[in-house]
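Coordinate inspection notes
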Amino acid sequence: MTSRQTTEHTEADPESVESWLVSAGRDRRPGSPLNVPPWPASNFVLGDRRAYSRGDGTPGWEALEEIVGGLEGGSSVSFASGMAGIAAIFGQLPIGSVVALPDDCYQGVAGLAKAGQSRSRWTVHRLAVGDTAGWLEMCGVADLIWLESPSNPLLTVADLDVICAAPRKRGAVLGVDNTFATPLNQRPLALGADVSVQSVTKFIGGHSDLLGGVVTVRDARLLEALRQARELSGATPGALEIFLAVRGARTLALRLERAQRNAMTLAERLAHHPNVTLTRYPGLTSHPTHDAARRQLKGFGTIISFDVRGDAAAADAVCARLQLVQHATSLGAVESTIERRASVPGQEHLPPALLRLSVGIEGVEDLWTDLDRALRNDL
Ligand SMILES: *Cc1c(COP(=O)(O)O)cnc(C)c1O
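Let us look at the structure shown here. (Residues numbered from 1 in each chain as written. Predicted model: local features only at pLDDT ≥ 70, side-chain atom pairs only at ≥ 80, totals over all residues. Heavy atoms only, no water.)

1. Describing the overall build of the protein
The number of helices and strands found in the protein is 15 helices and 12 strands. For the protein, whose C-alpha radius of gyration is 21 Å, the value lies close to the compact-globule estimate of 21 Å for 379 residues. Projected onto its principal axes, the C-alpha coordinates of the protein cover approximately 70 × 50 × 35 Å. Residues counted as buried form 55% of the 379 residues belonging to the protein. (Helix = DSSP H or I, 4+ residues; strand = E, 2+ residues; numbered from the N terminus. Rg over C-alpha atoms; globule rule 2.2 N^0.38 Å. Buried < 20%, exposed > 50% of the residue type's maximum accessible area, 1.4 Å probe, protein only.)

Here it is in structure tokens:
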């Protein structure tokens, strides 16, 4: 395998991310397999640079890191999950650090921050995603500024361009969870962020069949520290997961394009549905942060959050009546999934009848028929 060293990242031509997704991370020597095969190996014959997989990895890691690093515009480290990558970043913080976190964010990250605070490892400030003045103030105070945009599940778009460009406290790290946007819609490092995170479990994998994460950075010291954290914590991705993730990445552009088109159509229709009281989608002009979304995002994504008329039981009944849309958590896959988010532990503060819909690549009219029937209860 003669994969390029990921420390010397090769930036994807922004004009042709589709071609990059298909062609990056391949071994081009004559006789090589076109696709990096899964290497089920824990250890290797000594003498070459690989000895043991927990630290030295497999060629599949390098392929995935090359693909994502090129898209994000930095150098990538792959992890066993998105949370493993995020935990590695939090793990860099010295005791007594200050962390700034959105009030609306992935519940795993909120849980991680809370657990560290309860052990006096750091203090956490929660801010509204749209509170740009508050974030700018935090840039001068916090050691880790953690942003998520669009946020989960309210889909608020932060003024990332302004916040990432602001001067930061010396040594501070600004990280963006870029999972919802994917590097095709948004490139936080180009805006000035230090870290961009993908839960590969979602859009890059795209088929609800793996857990994975990739952290992309610009700074060589942070890159080395994250690689070391991966090795020491054992948060290494498995060979099969990596193989599936690379395979998923090849079709990311196509899947995203289709699902995003579906999402726009469904959001417009849901917004006018008599049994829906509020539809949140960054592509709707009614969305409170639509302007920031238009400024920063190449596409508005595939996630819609809407409130069903009535109470939690009414929303649960809608989920139970759906047939094509799968009643399941997670997002970013080929199949549409829906979940009442306030039913998730730690998410009780959300509107009780809010459903988060991750739109897949099915036929849009089939999806609409399913949703409309379930909402009207006239099966
Ligand atoms: C799923 C998700 C994560 C965590 O990723 P895992 O791969 O499940 O560990 C983090 N952030 C966002 C926005 C997510 O959707």
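What follows continues from the structure just given.
2. So, the state of the cysteines
Counted according to the given criterion, the structure contains zero disulfides. Cysteine cysteine 164 shares no disulfide, and the gap to the nearest cysteine sulfur, in cysteine 139, comes to 8.0 Å. (Disulfide = S-S within 2.5 Å.)

3. Some points on the site of the ligand
Taken together, 13 residues form the shell around the ligand, and within it Met83, Asp177, Ser199, Thr201 and Lys202 come nearest. Methionine 83 is positioned such that a nitrogen or oxygen atom in its backbone is 2.8 Å from an oxygen atom of the ligand. The contact in question runs from an oxygen atom of the ligand to an N or O atom on the side chain of lysine 202, over 2.7 Å. Within the complex, the protein chains bury 94% of what would otherwise be the 380 Å² of accessible surface of the ligand. A per-element tally of the shell around the ligand places helix H4 (residues 82–90) first, with three residues. Looking at the shell around the ligand, its residues break down into four nonpolar, six polar and three charged. (Near = heavy atom within 4 Å. Polar contact = N/O pair within 3.5 Å; in protein donor to acceptor, adjacent residues only side chain to side chain. Areas by Shrake-Rupley, 256 points an atom, 1.4 Å probe, with all protein chains shown as cover. Nonpolar A, V, L, I, M, F, W, Y, C, P; charged D, E, K, R; others polar.)

4. Some details on the sheet that holds strand E6 (residues 195–199)
Judged by pairing direction, the sheet is mixed, and its seven strands sit side by side in the order E1-E7-E6-E5-E4-E2-E3 without closing on themselves. Strand pairing shows two members of the sheet lacking a second neighbour, strand E1 (75–79) and strand E3 (122–127), which therefore form its edges. Adjacent strand axes in the sheet meet at a mean angle of 20 degrees, parallel and antiparallel pairs treated alike. Two elements, E1 and strand E7 (residues 213–217), share five bridges in a ladder whose sense is antiparallel. Looking across to E7, one finds that serine 75 is bridged to valine 217. On the sheet, helix H3 (residues 59–72) packs against E1, E6 and E7 and is oriented at approximately 130 degrees with respect to E1. (Pairing = 2+ DSSP bridges. Axes fitted to C-alpha atoms, helices over the stretch in contact; angles between N-to-C directions. Contact = heavy atoms within 4.5 Å.)

5. Side note on the packing of aromatic side chains
The full count for this structure, using the stated rule, is four aromatic pairs. Taking 5.9 Å as the distance between ring centres and 40 degrees as the angle between the ring planes, the aromatic pair formed by tryptophan 39 and phenylalanine 44 counts as tilted. Classification of phenylalanine 44 by relative accessible area gives buried; the value is 17%. Relative to phenylalanine 300, the ring of tyrosine 281 has its centre 6.5 Å away and its plane inclined at 75 degrees; by these criteria the two rings are edge-to-face. Of this pair, tyrosine 281 sits in the loop between strand E8 (276–280) and helix H13 (290–296) while phenylalanine 300 is found in the loop between H13 and strand E9 (303–308), placing the two residues 19 residues apart along the sequence. For phenylalanine 300, a relative accessible area of 23% translates into the label partly exposed. The positively charged end of arginine 50 is found above the aromatic ring belonging to tryptophan 39, 5.9 Å away from the centroid. (Phe/Tyr/Trp six-rings, centres within 6.5 Å; stacked < 30°, edge-to-face > 60°. Lys NZ or Arg CZ within 6 Å of the ring centre and 35° of its normal.)

6. Considerations on the sheet that holds strand E10 (residues 326–327)
Judged by pairing direction, the sheet is mixed, and its five strands sit side by side in the order E8-E9-E12-E11-E10 without closing on themselves. At either margin of the open sheet sits one strand with a lone partner, and together these are E8 and E10. Examined bridge by bridge, strand E11 (residues 337–340) and strand E12 (residues 354–358) share four bridges and lie antiparallel to one another. The residue of E12 that forms the bridge with threonine 337 is serine 358. Taken strand by strand, helix H12 (residues 252–271) contacts E8, E9 and E12, and its axis lies near 15 degrees from that of E9.

7. Focus on the side chain of glutamine 347
Examined against the element boundaries, glutamine 347 turns out to sit in the loop between E11 and E12. Using a relative accessible area of 4% as the deciding quantity, one classes glutamine 347 as buried.

8. A closer look at H4
Burial runs high along H4: seven of the nine residues are buried. All of the buried residues in H4 are Gly82, Ala84, Gly85, Ile86, Ala88, Ile89 and Phe90.

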